[in-house]
Amino acid sequence: MVEKQTRDAARGPGRPREERVTRAVLDAVLALVAEKGMNALTMDAVAVRAEVSKPAIYRRWPTKQDLIIAAAESRVGPLSIPDLGDFRAELRVVLTARVEVYRTPGMDRLIAEVFSAAADAGAGRSAYRAYVNRVMGETGRILERGIVRGDVRPDTDVRAAATMVAAPLVFRLVAEQELPDSHLVDSVVELVARAVGVRH
């Protein structure tokens, strides 16, 4: 540990060290949850696993809830999809990106634990809702763009349709205990297209 501190001191302060600490802490959170579940997730355990001080953690994430959300968002975060001229193609890009992450070892447990933590958050649930809104935001924008472009029905309930896009992959992973795949992506895109797409 002394040798490590010496190396960090030699680097000096600045963004690289900040990024290293952030990455080490979030990786530690994900590893602890995947290996032992949310009960193992304490600030002490994270500090030991990440080899950082507890004050360094608290400066970035004042509460355990903040830390859980940041860790989840480091893996399942917002996306930005360019206009591909067809909402089906854009949804496929979103879902394919999600599948790649969801197939990572331990993601099923992490997502299940995030849901559990959100259910127990009480007044803090708004932070989880804000995170979900960020994650699903691009799907909503894709559907809204499709409405403007004319390939999504103008009477579409965008929020309901965005939920219909996101839910199957998570349910397959967490509830059905199977890894989502490209076949599921194709099926979801087809089902959503039938529900809200404009037939030419």
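Whatever comes next refers back to the structure up there.
Since the structure is predicted, the reported quantities are computational estimates derived from the model, not experimental observations.

(A) Examining the overall build of the chain more closely. Looking only at helices and strands, the chain features ten helices and zero strands. The N-to-C order of helical and strand elements in the chain reads α-α-α-α-α-α-α-α-α-α. When each of the 200 residues of the chain is scored for burial, the buried share is 39%. The contacts of the chain with a sequence gap of at least 6 include a subset with a gap of at least 24, amounting to 66%. Measuring between centres, the 30 positive side-chain charges of the chain sit 4 Å from its 27 negative side-chain charges.

(B) Here's a closer look at the pattern of salt bridges. Scanning all chains against the criterion turns up 15 salt bridges. Close ionic contact of Asp44 with Lys54 constitutes a salt bridge, the shortest N to O distance being 2.9 Å. One end of the pair, Asp44, is in helix α3 (residues 43–50); the other, Lys54, is in helix α4 (residues 54–60), with ten residues separating them in the sequence. For Glu90, the salt bridge identified is with Arg145, shortest N-O distance 3.0 Å. Of this pair, Glu90 sits in helix α6 (residues 87–102) while Arg145 sits in helix α8 (residues 125–149), placing them 55 residues apart in sequence.

(C) Inspection of helix α10 (residues 182–196) at higher detail. The first and last C-alpha atoms of α10 sit 21 Å apart over 15 residues, in line with the 21 Å expected at 1.5 Å per residue. Looking only at α10, the buried set comprises Leu184, Val185, Val188, Val189, Val192, Ala193 and Val196. Looking straight down α10, one finds that the buried residues subtend no more than 165° of arc, so they occupy a single side. Set apart from the buried face of α10 by more than 90 degrees, the exposed residues are His183, Leu191 and Arg194. Tucked into the core, α10 has its buried residues touching α6, α8 and α9 (158–174).

(D) A look at unusual backbone geometry. Positive phi, close to 60°, is recorded for Glu51, a residue that is not glycine. Relative accessible area serves as the criterion here: at 41%, Glu51 is assigned to the partly exposed category. The backbone phi angle of Gln177 is positive, close to 60°, even though this residue is not glycine. Relative to the assigned elements, Gln177 resides in the loop between α9 and α10.

(E) Spatial organisation of α6. Across its 16 residues, α6 extends 22 Å between first and last C-alpha, which sits within 8% of the 22 Å expected from 1.5 Å per residue. Within α6, the full set of buried residues consists of Phe87, Glu90, Leu91, Val94, Leu95, Arg98, Val99 and Tyr102. The elements touched by buried residues of α6 are α7 (107–119), α8, α9 and α10.

(F) Geometry of the nonpolar core. By size, the foremost hydrophobic cluster in this structure holds 58 residues, and its most contacted members are Val25, Leu41, Val46, Ile57, Leu67 and Phe87. With eight residues, the single largest contributor to this core is helix α2 (residues 15–36).

(G) Representation of the packing of α6 against α9 in the model. Where α6 meets α9, the closest approach of the two axes is 11 Å, and the angle between their N-to-C directions is 20°. In terms of axis orientation, α6 runs roughly parallel to α9. Considering only the axes of α6 and α9, their crossing is right-handed. Within the contact between the two elements, α6 uses Leu91, Leu95, Arg98, Val99 and Tyr102 and α9 uses Val165, Leu169, Val170 and Leu173.

(H) Fine view of the environment of Arg172. The residue Arg172 is located in helix α9 in this model. A residue is classified by how much of its surface remains accessible, and Arg172, at 22% relative accessible area, is partly exposed. On a C-alpha basis, the gap between Arg172 and Leu184 in space is 9.1 Å, while along the polypeptide they are twelve residues apart. When neighbours within four sequence positions are excluded, Arg172 is seen to be in contact with Gln177, Glu178, Leu179, Pro180 and Leu184. A polar contact is formed between the side chain of Arg172 and the side chain of Glu176, at a distance of 2.5 Å.

Rules used in this analysis
Residues numbered from 1 in each chain as written. Predicted model: local features only at pLDDT ≥ 70, side-chain atom pairs only at ≥ 80, totals over all residues. Heavy atoms only, no water. Helix = DSSP H or I, 4+ residues; strand = E, 2+ residues; numbered from the N terminus. Buried < 20%, exposed > 50% of the residue type's maximum accessible area, 1.4 Å probe, protein only. Contact = heavy atoms within 4.5 Å. Lys, Arg positive; Asp, Glu negative; His and termini not counted. Charge placed at Lys NZ, Arg CZ, Asp CG, Glu CD. Salt bridge = Lys/Arg side-chain N within 4 Å of Asp/Glu carboxyl O. Expected span 1.5 Å × (residues − 1). Arc of directions from axis to C-beta. Core = buried A, V, L, I, M, F, W, Y, C linked by side-chain atoms within 4.5 Å. Axes fitted to C-alpha atoms, helices over the stretch in contact; angles between N-to-C directions. Parallel < 35°, antiparallel > 145°, perpendicular 65-115°, else oblique. Left-handed = near helix turned anticlockwise from the far one by under 90°. Polar contact = N/O pair within 3.5 Å; in protein donor to acceptor, adjacent residues only side chain to side chain.

The values reported here are purely geometric and, on their own, carry no functional implication.
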